[in-house]
Structures are given as structure tokens and as C-alpha cells.
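Structural description and commentary
What follows is each chain in one-letter form.
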Amino acid sequence: MSTEKFERGLAPGALLLCRAEPDAVAAVAPLLGERMPLLRAGEGWSVIVPEGGPWRDGGEPVDRVVTGWAAALAVGAPWPVLALWWDADRAGYTLASGFRRPVGYVWLANGTPVGEDEAMRTFAARLGLDPVLDVQSLDRLTRPEPDADRASGPAGAGARARLRGLLAVLARAGITLPAGLDPGEGAERLGATARALPDVRRTETAGRRHTDGPRPTVEGPDPTAEGPDPTAAGPRPSAAGRRPTADWTRPTAAGGRLAGWMPWTGGPGARALALAQVVVGLPLTVWGLRRHSGGWTVAGALLVGHGALGVAHGLPGRT
């Protein structure tokens with residue numbers, strides 16, 4: 001039997017787990033600038049399935065790309081984002097939560113841990129995991145396997161086993177990955193699997209809205225009710241009798257509570273979030289450039305661009 005598949009290691013791939021319902025995730029996913037499959041991943045969790053463009057076409061390491069994406073999403077939303085990633089040499093995770101420094105852990109392809117134990121405990125605390133049972137299970141993932149160097153089997157099997165062990169702990173926090181989304185599979189295969197699953201939707205890019213899901217509607221006037229004074233100021237129906245356009249500053253089924261904070265609304269919440277994104281994105285971009293880190297540079301640029309869009313929409317005189 002050929003040993004090629006045992007030497008090649010894991011094909012690069014990743015999963016972005018968000019502690020929010022798919023509607024809420026879809027509202028902020030345009031920050032990432034790419035359309036990707038989005039699915040429910042358990043009670044109160046969703047998963048975005050990257051299809052590998054940035055590291056397949058741009059040559060950027062998968063861990064840097066998804067770490068930047070997780071940070072961008074976490075700053076733009078009030079829930080944490082967990083990025084699981086892997087490649088031929090390593091596997092690991094990064095947890096981003098608000099403006100706090102992301103925390104992560106790494107295993108080599110054979111499963112040897114190379115992260116810091118304190119990072120695992122910080123990870124558990126930020127997700128609200130059980131400080132005894134769950135932390136004990138996570139601690140076992142930080143201990144070397146006695147026969148890791150001599151273990152037989154496909155390259156990357158040890159790292160894949162560590163990720164599965166991590167997900168087993170996270171299952172107690174409500175995470176259940178959809179069928180076929182197995183850590184260790186390549187991004188292209190994961191994307192194809194995700195697209196074939198029921199209830200899948202695709203995230204949008206900035207400037208594209210509501211192409212896959214239901215559009216928000218505005219109820220028409222009650223024909224039996226007394227109408228408003230026709231001389232009063234305000235919007236009037238067109239000659240064709242069309243309904244007034246939807247008010248994007250109000251929560252919708254697609255955006256939930258976050259809809260009023262999105263840049264296209266131009267509301268006070270959107271302006272505040274946009275300014276915060278610019279303030280965070282500028283130094284993050286500079287820091288990424290100095291460290292020659294493409295992932296952090298992209299994350300900073302996404303935040304600056306998205307924030308600038310929000311500021312522009314909030315300028316006086318815009319409609």
C-alpha cells in the first residue's frame with residue numbers, strides 16, 4: 001500500500017464557531033469579506049465553514065487567517081468566536097472575545113502539545129466551562145502522549161485526535177457540529193459537505209444583503225382603519241401603490257438585535273460601533289504590518305474598512 005497519504009499530513013482547513021444563532025452571525029459576517037457556508041452547530045452556536053481561498057490562493061498560513069477573522073468578528077459582535085484550524089504540521093484553536101487578547105493552543109501533527117497550560121485554563125474561563133470537570137478534561141489535552149513519536153497511522157492523526165477531544169469537552173457547552181464537518185478534513189471538502197447540508201445559508205460580503213434569506217417586510221396599512229391626514233408631512237405611497245421601504249434601523253429576522261448596529265443602518269448604535277472598529281483596527285493594522293503578520297493585518301484592515309463604511313453611512317445628509 002502506498003504511504004503517500006501517511007506522509008502528506010492534514011490538508012489545511014478551519015471552522016469558525018460562533019456562540020450565537022445563525023441570524024446574528026449572518027448580520028456581522030460581511031466583516032470577513034467572503035461568502036462562506038453558515039450552519040447551526042448546536043444550542044446557541046453556529047459554524048462558518050471557510051473554503052480556503054486566502055491560504056490556498058494567497059499563501060497565508062491558515063492559523064493567521066482564521067485568527068484574524070475570529071478577532072474581527074468578536075470585536076464586531078457581543079459573543080465569542082472560536083477558530084479551529086489545522087494544516088500538515090500543526091493544529092490548534094484561537095478563542096477571540098471582545099477586545100480582549102485572543103487565547104489559543106497548538107499541537108504538532110503527531111499530537112504533541114506545544115501550547116501553554118495557562119492558555120487552556122483561560123480558554124475554559126472565558127467560555128464559562130466547568131472549572132473542575134471540564135478543566136480536568138482540557139488538562140489531559142495538554143499532556144504529551146507517551147508513544148506519540150512512535151505512533152503509526154496517517155500523518156496528522158494525533159492532531160486530529162486532539163481537536164476531537166476538544167470538541168468532546170465543548171459538547172457539554174452546547175456545540176454539536178453538523179454531520180460531515182470533521183476537523184482534519186481539507187477546506188474544499190468541508191465546503192462541499194457544508195453546501196450539501198440542509199438549512200445551510202451563505203454569508204454575505206459588504207454591500208450584499210438578503211440574497212439567500214427572506215427579505216424584511218413592512219406591513220401595509222389596515223384598509224379599515226382611519227388613514228392619516230393627507231396634508232401631513234411624511235412619506236407618501238407612490239402612484240403605483242408600492243409599500244414603503246423597510247426601515248433598516250429596526251431589528252429584522254435576518255439581523256436580529258444586531259441589525260440596528262450594522263453600518264448600512266446609519267443609526268446611533270451603528271455609528272458607535274463603526275468608530276470603535278476604526279479605533280481598534282488602525283493600531284491592529286500597524287501592529288500586523290510591523291510583525292509581518294498577514295492575518296492580523298487583514299483583520300485590522302477589515303475593521304477599519306467596515307468602520308469607515310459605518311461612519312460614512314452615519315454622516316449628516318445621507319439618505
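**Notes on the packing of aromatic side chains**
Counting across every chain of the model gives four aromatic pairs. Ring centres of W55 and W69 lie 6.4 Å apart, and the angle between their planes is 55 degrees; on these two criteria the pair is classed as tilted. Of this pair, W55 sits in helix α3 (residues 53-57) while W69 is found in helix α4 (residues 62-75), placing the two residues 14 residues apart along the sequence. Accessibility expressed as a relative area gives 3% for W69, which makes it buried. Summarising the aromatic geometry, the rings of Y105 and W107 are spaced 5.1 Å apart at their centres and angled 55 degrees between planes, so their arrangement reads as tilted. The residues Y105 and W107 share a single accessibility class, namely buried. An aromatic cluster is defined as three or more aromatic residues linked by ring pairs; in this entry it consists of Y93, Y105, W107 and F123.

**Regarding unusual backbone geometry**
Backbone geometry places D199, a non-glycine residue, at a positive phi of 65 degrees. Turning to its location among the elements, D199 is positioned in the loop between α8 (187-196) and β7 (201-202).

**What about the side chain of T67?**
Here T67 lies in helix α4. By relative accessible area, T67 is classed as buried at 10%. Reaching out from T67, the side chain makes a polar contact with the backbone oxygen of D63 at a distance of 2.7 Å.

Procedures and definitions
Counting restarts for each chain, with residues numbered from 1 along the sequence as it is written. Per-residue local features are limited, in this predicted model, to residues with pLDDT of at least 70; the limit for side-chain atom pairs, both in listing and counting, is 80 or more; totals at the level of whole chains, interfaces and linings are taken over all residues. The basis for every side-chain value is the complete set of heavy atoms in the structure, and neither hydrogens nor water enter the calculation. For Phe, Tyr and Trp, rings pair up if their centres lie within 6.5 Å, where Trp contributes its six-membered ring, and each pair is then called stacked (planes under 30 degrees apart), edge-to-face (over 60) or tilted (otherwise). By definition, any uninterrupted DSSP run of H or I lasting at least four residues is a helix, any uninterrupted run of E lasting at least two residues is a strand, and each is numbered from the N terminus. A 1.4 Å probe rolled over the protein chains alone gives each residue an accessible area, and that area as a share of the maximum for its type sets the label: buried under 20%, exposed over 50%, partly exposed in between. Throughout this description, a polar contact denotes any pair of N or O atoms lying within 3.5 Å of each other; where both atoms belong to protein, one of them has to be capable of donating a hydrogen while the other can accept it, and for residues adjacent in sequence the pair is counted only when both atoms sit in side chains.

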